[in-house]
Amino acid sequence: MISIPLQSPSTLFHQAKVANNLASEQLYLIGFGFDGTACFRKGTRMGPDALRDVSDDIESYSPYLDQDIAQRDFFDLGNLSLGDSDDAEQQWQHATTDFERLFATANIAENKIKVLTLGGEHSISYAPIKTYLHEYPDLVLIHLDAHADLRDGYLGYHYSHASIIRRALDHFGPEHQLIQYGIRSGTKEEYEWMRSNRTIRTCRNSFIDEIDAIPADRPIYLTLDLDYFDPGIFPGTGTPEPGGEDFHSFIKLVKVLAQKNLVGADVVELSPEIDSSGNSSVFAAKVVRELILCLTRGR
């Protein structure tokens, strides 16, 4: 039995209790509040609930997409349980296993089920990315981040937040594709790998043009680490890196993704307590609003 407590209702993230079977052609939000492998500043475990809390005061209408999520159907499944252990690896495994069990028999691709996972540190993306890679043999994985996340483990954690893309590659098939943009921190070896495998993009316009060129029916999964944004406008994250993107450049991408087959996404690394102003939580919630609209396109 999977423990997924529902949160209190909000105006932005509509919630509904889901029975034993997930309905087809629906979007589900789920929280994975974990920061056990965070190596600098912790606090992302509070991310999912912070997003829900601020959503009461955010307009449901997006002026960028001229759409309103109040007119879209989607459901919030609450937060995955970390179990009773104090051990970080056991907590991560408990919630990861629950996620996999929840969607194991859902036939995500066949039933057109979409999941937006709210983190939590970036290691939480393993379960949804693995699930979607197995469901879609031609999936394009778009990785927006300040960091390459290609280390084969970090500080003793095989499934570290610094290893998420490396772990995703463990499940890549011949038709899967990885596109990375916003990366501005990593080891020499990580950069050598990205260059030799041609996964890294360094020009914003070329990157957006490439996403625009993806066939409209090809499935896309977006993993978004919020330290992708410049810390001057988004300080509420545990591993800030100067030189990041701004909100308007993200909206340029959103307008492209709104016309594509975005089948799933995760938004991670909001650490609300680092930014005492609360601005980062509001910023992240508006990012989530735009992605909800992209994921419910045509509903």
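Owing to the predicted nature of the structure, the values given are computational and were not obtained by experimental measurement.

Caption draft 1: Summary view of the packing of helix H2 (residues 88-103) against helix H4 (residues 126-135). Here H2 crosses H4 at 30°, and the two axes come no closer than 9 Å. For H2 against H4, the interelement crossing comes out right-handed. Facing Trp-92, Thr-96, Phe-99 and Glu-100 of H2, the residues of H4 in contact are Tyr-126, Ala-127, Pro-128, Lys-130 and Thr-131. Considering only residue class, the contact of H2 with H4 consists of 5 nonpolar, 2 polar and 2 charged.

Caption draft 2: Region of interest: the pattern of salt bridges. Applying the stated criterion across every chain, the model contains 11 salt bridges. Put simply, Asp-49 and Arg-52 hold a salt bridge, and the shortest N to O gap is 3.1 Å. Placement of both Asp-49 and Arg-52 in helix H1 (residues 47-54) is noted, with a separation of 3 residues, approximately one turn of the helix. According to the relative accessible area criterion, Arg-52 is buried, its value standing at 3%. Asp-170 serves as the salt-bridge partner of Arg-167, at 2.8 Å between the closest nitrogen and oxygen. A relative accessible area of 3% places Arg-167 in the buried class. What makes Asp-170 partly exposed here is its relative accessible area of 47%.

Caption draft 3: Layout of H2. Under the 1.5 Å per step criterion, the end-to-end length of H2 is 23 Å for 16 residues, consistent within 8% with the ideal 22 Å. Those residues of H2 lying buried are Ala-88, Gln-91, Trp-92, Ala-95, Thr-96, Asp-98, Phe-99 and Phe-103. Looking straight down H2, one finds its buried side chains confined to an arc of 155°; they lie on one side. Buried residues belonging to H2 abut strand E1 (27-32), strand E4 (74-79), helix H3 (108-111), strand E5 (114-119) and H4. A distance of 3.2 Å separates the backbone nitrogen of Glu-89 from a side-chain oxygen at the start of H2, and that oxygen is part of Asp-87.

Caption draft 4: Structural view of the packing of helix H8 (residues 247-257) against helix H9 (residues 279-295). Contact geometry of H8 with H9 gives a least axis separation of 9 Å together with a crossing angle of 15°. When the axes of H8 and H9 are compared, the pair comes out roughly parallel. The element H8 and its partner H9 pack so that their crossing is right-handed. Facing Phe-247, Phe-250, Ile-251, Val-254 and Leu-257 of H8, the residues of H9 in contact are Phe-283, Lys-286, Val-287, Glu-290, Leu-291 and Cys-294. Classifying every residue of the contact of H8 with H9 gives 9 nonpolar, no polar and 2 charged.

Caption draft 5: Main features of the pairing of strand E9 (residues 219-225). The buried fraction of E9 is high, at 7 of 7 residues. Of the two faces of E9, the one carrying Pro-219, Tyr-221, Thr-223 and Asp-225 and the one carrying Ile-220, Leu-222 and Leu-224 are both buried. Both strand E6 (residues 140-144) and E9 contribute to a ladder of 5 bridges, which runs parallel. Looking at the pairing, Leu-144 lines up with Leu-224 of E9. Direction of pairing for E9 relative to strand E10 (residues 261-268): parallel, over a ladder of 7 bridges. Bridge pairing in E10 links Pro-219 to Asn-261.

Caption draft 6: View of the sheet that holds E5. Strand order in the open sheet made by the 8 strands is E4-E1-E5-E10-E9-E6-E7-E8, with parallel pairing throughout. Either end of the sheet is taken by a strand with one partner, and the two such strands are E4 and strand E8 (200-201). Relative to E8, strand E7 (residues 177-181) runs parallel, the two sharing 2 bridges. Within E8, the residue paired with Tyr-181 across the bridge is Arg-201.

Caption draft 7: Structural detail: the side chain of Lys-260. Mapped onto the fold, Lys-260 is located in the loop between H8 and E10. Buried charge Lys-260 goes without a salt bridge, the closest partner of opposite sign being Asp-212 at 4.2 Å.

Caption draft 8: View of unusual backbone geometry. Note the cis peptide between Gly-119 and Gly-120, where omega equals 10°. With respect to the helices, strands and loops of the structure, Gly-120 is situated in the loop between E5 and H4. The residue Asp-149 is not glycine, and still its phi comes out positive at about 55°. Considering the arrangement of structural elements, one finds Asp-149 in the loop between E6 and helix H5 (164-169). Exposure remark for Asp-149: the relative accessible area of 6% places this residue in the buried category.

Caption draft 9: Representation of the environment of Pro-128. Along the polypeptide, Pro-128 turns up in helix H4. Since its relative accessible area comes to 1%, Pro-128 is described here as buried. For the pair formed by Pro-128 and Gly-264, sequence separation is 136 residues and the distance between their alpha carbons is 8.1 Å. With near-sequence residues (within four places) excluded, Pro-128 lies in contact with Phe-99, Thr-117 and Tyr-221.

The rules behind the values
Residues numbered from 1 in each chain as written. Predicted model: local features only at pLDDT ≥ 70, side-chain atom pairs only at ≥ 80, totals over all residues. Heavy atoms only, no water. Axes fitted to C-alpha atoms, helices over the stretch in contact; angles between N-to-C directions. Helix = DSSP H or I, 4+ residues; strand = E, 2+ residues; numbered from the N terminus. Left-handed = near helix turned anticlockwise from the far one by under 90°. Contact = heavy atoms within 4.5 Å. Nonpolar A, V, L, I, M, F, W, Y, C, P; charged D, E, K, R; others polar. Salt bridge = Lys/Arg side-chain N within 4 Å of Asp/Glu carboxyl O. Buried < 20%, exposed > 50% of the residue type's maximum accessible area, 1.4 Å probe, protein only. Expected span 1.5 Å × (residues − 1). Arc of directions from axis to C-beta. Polar contact = N/O pair within 3.5 Å; in protein donor to acceptor, adjacent residues only side chain to side chain. Parallel < 35°, antiparallel > 145°, perpendicular 65-115°, else oblique. Pairing = 2+ DSSP bridges. Lys, Arg positive; Asp, Glu negative; His and termini not counted.

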